[in-house]
Amino acid sequence: MLLKVQEVYKDFSQGGFFSAAKKPILKGVSLELACGECLGLIGESGSGKSTLGRMLIGIEKPDWGEVLFEGRNIYRSPGWRQQPDWRRKISAVFQDYTSSVNPRFRVDKIITEPLYTHRLASGSKAMERAVYLLEKVGLGGDYLKRYPHQLSGGQLQRVCIARALATNPAFILLDEPVSSLDVSVQVQVMDLLDSLKKEFQLSYLFISHDLAAVAYLCDRALFFAEGRIVEAVERIAELGQVKEAYSRKLLYSVLDFSDQLADYRCGREEGSRLA
Ligand SMILES: Nc1ncnc2c1ncn2[C@@H]1O[C@H](COP(=O)(O)OP(=O)(O)OP(=O)(O)O)[C@@H](O)[C@H]1O
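What you are looking at is a predicted structure, and each value in this text was computed from that prediction instead of being measured.

Trainee: Describe the side chain of Gln157, listing the residues and the values that go with them.
Mentor: By the secondary structure assignment, Gln157 is in helix H5 (residues 153-165). A distance of 2.8 Å separates a polar atom in the side chain of Gln157 from the backbone oxygen of Pro177. Setting aside residues no more than four positions away along its own chain, Gln157 makes contact with Val93, Phe94, Gln95, Tyr97, Pro177 and Leu181.

Pasting the structure below:
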C-alpha cells in the first residue's frame, strides 16, 4: 500500500491564541491508497477535508494516529520537517492556483524550484526538465518566460501541475484542483490529470465537493462529514447508490448531478474532436 492513514485525530484551538478551548476537526480517520489509484474525498465545507489532505503531504502533524507513506510513519521519520527523500515523492495541487505561485516568478522558476529544493537538478538540466514538463501538461517551451499574470486560469493550473510533477512524485494531493475553472476547462484539466496518472503511475487523493468531478476522475470515493468517513464507495459507478443519510443529502443537493456529469462527458468528446 502506498499510503495508509491509521486512526488520525486533530484538534484546533478555538477563540484565539490565549484560549484553551479546542475543537476536534479529525475524529479517527483511516484510509488506504494503492499505487495508481485515484481516491475521491467528498464533503461539505468545513468538514476537515483539507486538514486531512495537509496531513497526507507532511505539513499537518496529527495529534494522534499514524500516516504511513511506503510503510514509513512520515511524522516519526528523522527530520520530517526538512527534506527527507520521501518528501519529493509527495506533491500537491491546490484550488487557488494564483496564490500557489509567486507572482514575481516566471514559469521556468516556478517549475524548477522544487528541483533546486530537493537538489535533483540545476542549470540547463533543470531547464530541460521544465520544458519536458510543460510539454507533458500541454503547454510547451514557449511558456517558460511568462509570468503568472500572462496566463489564463487553466494555463496557470497546468503550470502548477507541471511543478507538482517535477520531482517525480508517487502521490499527488489534488485539493479542489478544478473548482475555480470554467466547466469546459475543468474537463480538459481532469483529462490531463487522468492521462498523467496513467503515464507516470501516480496515485491521487482528489478532494472535492463536486460529485460529478469525483465520478468523472476517481476509482472510488469516501464521504466525509464532521471529521469522519461516513461512507465508502468502492466502485465509482455506484456513487449514485449511496445509503447513508449524509451522502444522500449531498447527492440530492447536486440536483443537476447527472446533467453536470453529462456536461463533463460531452466536454471530453468535444475535447477529443478538437484534438
Ligand atoms: N490551522 C487552523 N487553526 C484553527 N482552525 C483551523 C485550522 N485549519 C483549519 N481549521 C478549521 O478546521 C475546520 C476544517 O477546515 P478544513 O479546511 O479542513 O475543511 P474543508 O472540509 O477542507 O473545508 P473547505 O471545503 O471549505 O476547504 C474549519 O472549521 C476550519 O476553520
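Having put the structure on the table, let's press on.
Trainee: Help me get a handle on the sheet that holds strand E3 (residues 38-43), residues and values and all.
Mentor: With mixed pairing, the six strands of this open sheet are ordered in space as E6-E7-E8-E3-E9-E10. The sheet is open, and its two edges are formed by strand E6 (90-94) and strand E10 (228-233), each paired on a single side. With strand direction ignored, the average angle separating the axes of adjacent strands in the sheet is 20°. Inspection of the sheet shows strand E9 (residues 220-225) paired to E10 by five bridges, in the antiparallel sense. When the bridges of E10 are listed, Ala221 appears paired with Val233. On top of the sheet, H5 reaches E6 and strand E7 (171-175); it is set at about 170° to E6, its chief contact.

Trainee: Give a description of the layout of surface pockets that names residues and reports values.
Mentor: Estimated volume of the largest pocket: approximately 500 Å³. Lining the largest pocket are 19 residues, with Ile90, Ser91, Ala92, Pro114 and His118 sitting closest to its centre. When contributions to the lining of the largest pocket are tallied by element, the ones reaching two or more residues are E6, helix H3 (107-117) and H5. Here the residues of the lining of the largest pocket are counted per class, giving nine nonpolar, six polar and four charged.

Trainee: Explain the sheet that holds strand E4 (residues 64-69) to me, and be specific about the residues and the numbers.
Mentor: Hydrogen bonding along the main chain pairs the strands of a sheet, whether they run parallel or antiparallel. A sheet is described by the order of its strands in space; here four strands give the open sequence E2-E1-E4-E5, paired in antiparallel fashion. Of all the strands in the sheet, just strand E2 (22-33) and strand E5 (72-73) have a single pairing partner and so form its edges. Examined bridge by bridge, strand E1 (residues 3-13) and E4 share five bridges and lie antiparallel to one another. Looking at E4, one finds that Lys4 is bridged to Leu68. Relative to the sheet, helix H1 (residues 49-56) contacts E1, E2 and E4, its axis offset from that of E1 by approximately 125°.

Trainee: Give a detailed account of the site of the ligand, specifying residues and quantitative values.
Mentor: The environment of the ligand is made up of Phe12, Lys23, Ile25, Glu44, Ser45, Gly46, Ser47, Gly48, Lys49, Ser50, Thr51 and Arg54. Within the side chain of Thr51, one N or O atom sits 2.6 Å away from an oxygen atom of the ligand. In isolation the ligand offers 630 Å² of accessible surface; the protein chains occlude 61% of this area. When contributions to the shell around the ligand are tallied by element, the ones reaching two or more residues are E2 and H1. Top contributing element to the shell around the ligand by residue count: H1, with four residues. Here the residues of the shell around the ligand are counted per class, giving two nonpolar, six polar and four charged.

Trainee: Run through the pattern of salt bridges, naming residues and quoting values.
Mentor: For the structure on display, the rule yields 13 salt bridges. A salt bridge links Asp63 to Lys10, with the shortest nitrogen-to-oxygen separation between them at 3.7 Å. Of this pair, Asp63 sits in the loop between H1 and E4 while Lys10 sits in strand E1, placing them 53 residues apart in sequence. Residue class for Asp63 comes out partly exposed when judged on its relative accessible area of 45%. As a salt-bridge pair, Glu66 and Arg76 come within 3.4 Å of each other at their nearest N and O atoms. Residue Glu66 is found in strand E4, and its partner Arg76 is found in the loop between E5 and E6; the two are separated by 10 residues along the sequence. The class of Arg76 is exposed, set by a relative accessible area of 62%. Residues participating in the shared-partner salt-bridge network are Lys10, Arg54, Glu60 and Asp63.

Trainee: Outline the environment of Asp63, supporting the account with residue identities and numerical values.
Mentor: Sequence separation between Asp63 and Asp11 is 52 residues; the distance between their C-alpha atoms is 7.2 Å. Not counting the four nearest positions on each side in its chain, Asp63 is found in contact with Tyr9, Lys10 and Asp11. Of the polar contacts made by the side chain of Asp63, one reaches the backbone nitrogen of Asp11; its length is 2.7 Å.

Basis of the calculations
Residues numbered from 1 in each chain as written. Predicted model: local features only at pLDDT ≥ 70, side-chain atom pairs only at ≥ 80, totals over all residues. Heavy atoms only, no water. Helix = DSSP H or I, 4+ residues; strand = E, 2+ residues; numbered from the N terminus. Polar contact = N/O pair within 3.5 Å; in protein donor to acceptor, adjacent residues only side chain to side chain. Contact = heavy atoms within 4.5 Å. Pairing = 2+ DSSP bridges. Axes fitted to C-alpha atoms, helices over the stretch in contact; angles between N-to-C directions. 1 Å grid on protein atoms, 1.4 Å probe; cavity = no way out; pocket = protein on both sides within 12 Å on 5 of 7 lines; lining within 4 Å. Points joined across faces, edges and corners; volume = space filled by probe spheres on them. Nonpolar A, V, L, I, M, F, W, Y, C, P; charged D, E, K, R; others polar. Near = heavy atom within 4 Å. Areas by Shrake-Rupley, 256 points an atom, 1.4 Å probe, with all protein chains shown as cover. Salt bridge = Lys/Arg side-chain N within 4 Å of Asp/Glu carboxyl O. Buried < 20%, exposed > 50% of the residue type's maximum accessible area, 1.4 Å probe, protein only.

These results come straight from atomic positions and should not be treated as a statement about function.
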